[in-house]
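Fold and geometry: a report
So the chains spell out like this:
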Amino acid sequence: MQKQITMPQLRDEMKSGVFCAWLKEEGQPYKKGEPIFEIETDKVVNQITASEDGVLLRKLVEEGDEVTVNAPVADVEAR
């Protein structure tokens with residue numbers, strides 16, 4: 001089933017974060033708990049892990065982009 005991964009809200013006051021790095025490439029599978037990307041908030045870099053197994057289909061943001069909480073960052077195929 002195709003889904004979107006969105007920018008997580010790591011703290012109540014968080015409105016956006018800077019997208020730092022993709023840890024997976026388009027077409028690459030990942031497992032639940034595996035890091036997919038990194039974001040920076042308040043000068044701290046956080047690795048965001050997968051909530052389920054899947055495949056990264058399409059990246060919707062690029063490294064260095066400021067992304068609003070809950071905005072889509074990737075299309076994925078959940079497994």
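Residues numbered from 1 in each chain as written. Predicted model: local features only at pLDDT ≥ 70, side-chain atom pairs only at ≥ 80, totals over all residues. Heavy atoms only, no water.

**A closer look at the overall build of the chain**
Looking only at helices and strands, one finds 0 helices and 8 strands in the chain. Along the chain, helices (α) and strands (β) appear in the sequence β-β-β-β-β-β-β-β when read from the amino end. The globule rule puts the C-alpha radius of gyration for 79 residues at 12 Å, and the 12 Å found for the chain is close to it. In terms of overall dimensions, the chain has a C-alpha envelope of 30 × 20 × 20 Å along the principal axes. Taking all 79 residues of the chain together, the buried fraction comes to 35%. Within the chain, contacts between residues at least 6 apart in sequence are counted, and of these 58% link residues at least 24 apart. Looking at charge distribution, the chain has the averaged site of its 10 positive side-chain charges lying 4 Å from that of its 16 negative ones. (Helix = DSSP H or I, 4+ residues; strand = E, 2+ residues; numbered from the N terminus. Rg over C-alpha atoms; globule rule 2.2 N^0.38 Å. Buried < 20%, exposed > 50% of the residue type's maximum accessible area, 1.4 Å probe, protein only. Contact = heavy atoms within 4.5 Å. Lys, Arg positive; Asp, Glu negative; His and termini not counted. Charge placed at Lys NZ, Arg CZ, Asp CG, Glu CD.)

**So, the sheet that holds strand β6 (residues 54–59)**
The strand order β1-β8-β6-β3 describes an open sheet built from 4 strands, whose pairing is antiparallel. At either margin of the open sheet sits one strand with a lone partner, and together these are β1 (2–6) and β3 (29–30). Inspection of the sheet shows β3 paired to β6 by 2 bridges, in the antiparallel sense. Of the residues in β6, the one forming a bridge with Tyr30 is Gly54. (Pairing = 2+ DSSP bridges.)

**With respect to the side chain of Thr41**
Position of Thr41 among the secondary structure elements: in strand β4 (residues 35–41). At 3.4 Å, the side chain of Thr41 forms a polar contact with the side chain of Asn46. (Polar contact = N/O pair within 3.5 Å; in protein donor to acceptor, adjacent residues only side chain to side chain.)

**Describing the side chain of Lys24**
In this fold, Lys24 is placed in the loop between β2 (16–22) and β3. A relative accessible area of 9% means that Lys24 is categorised as buried. Polar contacts involving the side chain of Lys24 include one to the side chain of Glu34, which spans 2.5 Å. For Lys24, the contacting residues outside a window of four places in its chain are Pro29, Tyr30, Glu34, Pro35, Ile36, Leu56 and Lys59.

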